[in-house]
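# Structural characterization, general
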Amino acid sequence: MRADAEDSDEELLRAHTAGDPDAFAEIVRRHRDRLWAVALRTLGDREDAADAVQDALLSAYRSAGRFRGDSAVTTWLHRIVVNACLDRVRRRQARPTVPLPETWAVPAAPAPDRDVALDVRSALAQLSADQRAALVLVDIHGYGVSEAAEILGVAEGTVKSRCARGRAKLAVMLGYLRVPPGHQPGNPASGGRVPSGSLPGDSTEDVS
Amino acid sequence: MTHGVDLDRLADYTAGLLDGTPQAAEVAELIATRPDWAHAYAAFADAERAVRVDLADLGSEPVTMPSDVVARLTAALDEAGSRPKLTVLTGEGSGTAGGRRTRTSEARARRRRQAWVAAVAAAVVAFGGFGVTVLADVFSTRSEEATTASGAVAPAQRGADALGGGEPAAPPAAAENAPPRFTASGTNYWPTDVAPGPAMQYDSASPGFASGRTDLKSSQVPPPLRRLSEDPVAINICLRQVASAYGGRPSLVDFARFQNEPALIITLVDPAGRPFRMVVAGPDCGLPERGADVRYTTPVS
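Remember, predicted model here, so these are calculated numbers, not experimental data.

Once that is clear, we can look at helix α2 (residues 22–33) of chain B. Residues and elements named next belong to chain B. For α2, with 12 residues, the first-to-last C-alpha span of 17 Å sits near the 16 Å given by 1.5 Å per residue. When we look at burial in α2, the residues that qualify are A24, V27, L30 and I31. Projected onto a plane normal to the axis of α2, the buried residues spread over an arc of 125° and lie on a single side. Opposite the buried face of α2, at more than 90 degrees from it, the exposed residues are P22, A25, E29, A32 and T33. The secondary structure elements touched by the buried residues of α2 are α1 (7–14) and α3 (35–60).

Our next topic: the pattern of salt bridges. Inspection of the entire model under this criterion finds 25 salt bridges over all chains. Among the salt bridges present, the one from D68(B) reaches R46(A), with a minimum N-O distance of 2.6 Å. Of this pair, D68(B) sits in helix α4 (residues 67–80) while R46(A) sits in helix α3 (residues 46–63), each in a different chain. The buried category is assigned to D68(B), whose relative accessible area is 6%. Residue R167(A) is joined to E48(B) by a salt bridge in which the shortest nitrogen-to-oxygen separation is 3.2 Å. With R167(A) in helix α8 (residues 156–173) and E48(B) in helix α3, the pair connects residues from two separate chains.

To continue, consider the confidence of the model for chain A. All names here are of chain A. For chain A, per-residue confidence averages 77 on the pLDDT scale, and 71% of positions sit at 70 or higher. Confidence drops under a pLDDT of 50 for residues 97–114, and excluding neighbours within four residues, the segment shows 25 contacts in the predicted structure. Note on residues 184–204: pLDDT under 50 across the span, and 53 contacts to partners over four residues away in sequence or across chains.

The next point concerns helix α10 (residues 232–246) of chain B. Residue and element names in this part refer to chain B. In this model α10 runs 21 Å from its N-terminal to its C-terminal C-alpha over 15 residues, within 8% of the 21 Å that 1.5 Å per residue would give. Within α10, burial applies to A234, I235, N236, C238, L239, V242, A243, A245 and Y246. G247 sits one or two positions beyond α10 and adopts a positive phi of about 80°.

Here we take up the nonpolar core. Taken as a class, soluble globular proteins show a tendency for nonpolar side chains to be buried jointly. Grouped together as the largest cluster of nonpolar side chains are 95 residues, with contacts concentrated most on W76(A) and L170(A). Among the elements that take part in this core, helix α4 (residues 73–94) of chain A stands out by supplying 10 residues, more than any other. The contact partners of L170(A), leaving out residues within four places of it in the chain, are A123(A), L124(A), L127(A), L135(A), V51(B) and L55(B). Counting residues in each nonpolar core, the second largest holds 23 residues, with C238(B), L239(B), A245(B) and V294(B) among its members.

Here we come to the packing of helix α1 (residues 9–17) of chain A against helix α2 (residues 23–43) of chain A. Residue and element names in this part refer to chain A. Direction vectors running N to C along α1 and α2 enclose 145°, while the axes themselves pass 7 Å from each other. Taken together, the residues of α2 that come into contact with α1 (itself represented by D9, L12, L13, A15 and H16) are A23, F24, E26, I27, R30 and H31. Class assignment of the residues belonging to the contact of α1 with α2 gives a composition of six nonpolar, two polar and three charged.

It is worth spelling out the pairing of strand β4 (residues 261–269) of chain B at this point. Residues and elements named next belong to chain B. Of all the nine residues making up β4, eight are buried; the element is thus mostly covered by neighbouring parts of the structure. Bridge analysis of strand β3 (residues 249–258) against β4 gives nine bridges, and the strand direction is antiparallel. By the bridge assignment for β4, D254 is matched with I265. The hairpin formed by β3 and β4 contains two residues between the paired strands, and Q259 there has a positive phi angle of roughly 50°. Here β4 runs beside strand β5 (residues 275–281); their pairing, made up of six bridges, is antiparallel. The residue of β5 that forms the bridge with V269 is P275. The hairpin formed by β4 and β5 contains five residues between the paired strands, and G273 there has a positive phi angle of roughly 90°.

Here is what the cut-offs are and how they apply
- Residues numbered from 1 in each chain as written.
- Chains lettered and ligands numbered in written order.
- Predicted model: local features only at pLDDT ≥ 70, side-chain atom pairs only at ≥ 80, totals over all residues.
- Heavy atoms only, no water.
- Helix = DSSP H or I, 4+ residues; strand = E, 2+ residues; numbered from the N terminus.
- Expected span 1.5 Å × (residues − 1).
- Buried < 20%, exposed > 50% of the residue type's maximum accessible area, 1.4 Å probe, protein only.
- Arc of directions from axis to C-beta.
- Contact = heavy atoms within 4.5 Å.
- Salt bridge = Lys/Arg side-chain N within 4 Å of Asp/Glu carboxyl O.
- pLDDT = per-residue confidence, 0-100.
- Core = buried A, V, L, I, M, F, W, Y, C linked by side-chain atoms within 4.5 Å.
- Axes fitted to C-alpha atoms, helices over the stretch in contact; angles between N-to-C directions.
- Nonpolar A, V, L, I, M, F, W, Y, C, P; charged D, E, K, R; others polar.
- Pairing = 2+ DSSP bridges.

So, in structure tokens, the structure goes:
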């Protein structure tokens, strides 16, 4: 059995498990841009995203025989990629970068002009990884709540709650919503679009 | 909560997630009786709509996997589909023929990654005392596989010691701020091929960039990499990009080849001096828009 560009994802995955050397590469070719976009927006870092996608697709390559067909291949791939991203977030928090010696000093590049998209990306980066992943799937990539729940491995109510709470925080950070001092996420006095600092109440106790 | 608006509760309420629960009545009462809650609730729908528009706009921006990421992903998948060609440094026996792997175990993958580190270190150690220092640094805290690898290059190490080129191994803690070691081994690395490459010439007295200069013999550096080997600023920018991307610090840099293409083979170590990742960077490493120009990377654990 040889991979064919007209084969469905499921057919290609079966061909891969049957030993077709080209089948998995065709699956990757079809979905890599979308998987890359999800990873990049979930992690907010190019190299982390590249690592996560590589780890995830290697895992998928090796575990393809365990794919039961309960979901679409693309959903399965997204689930593996998103899990790899969330895993990297956790590991990144556990491993600080070692400061480089002084002699390595390199002048910092001038900051590029800020724009709305950059503000949104910066604000997204301040959300919890779980809320960010939910918003990336639902609001940025247009997945339905049920499919996002399947990808994330949580209940639909949890996805809804993460999205709702994430949007509320973004609304404040982006200046669309004002809340009384003392409860405004970030910098309450700035009035700017993206205050710095972590958000209070960035709870993971979502409604499910 | 007695003061201010609890955004999470308001968000859940507005999304209908509290319907049918006692909390819904509580939030409704807060909205009815508290001006701050009433104000936030009134503004919430428009604010949320604006956020959705911003996020949708972000999603409408086309995103394509960069070519260098495609290249390293392809290399990684190629590796996953191939048997290791030579595993002598891990003590797994002589080389196995190429062909498709039918079973993969994480333990084998891990040993191969460690052997990769061994190959880089061995490529260095074979040609001078400078390399001996590197080997000691890289493997000072390593496990059984590292010992095996060290043994595999012991004759070269003894030879270097006899020439007085060796240096005592620095303890891991002392290595925390050590500058990276540089070499040009002439090795052509493959994801699954951990054998050191052909012999190279290396000035054993070279301090590398540690003292602000390099004595790498330019003839051993692939021409596309000479921008990096001859310009300390360029290599510094490159290595900072790599360290920024993966954490840790570069301990060992080999100006070599990867799958026939000129590349830097970089060993990253953690604060204790233990290698945790190998990174293959292309000749454009550090250039604007190219970042670390990573062609391949694999963890070492």
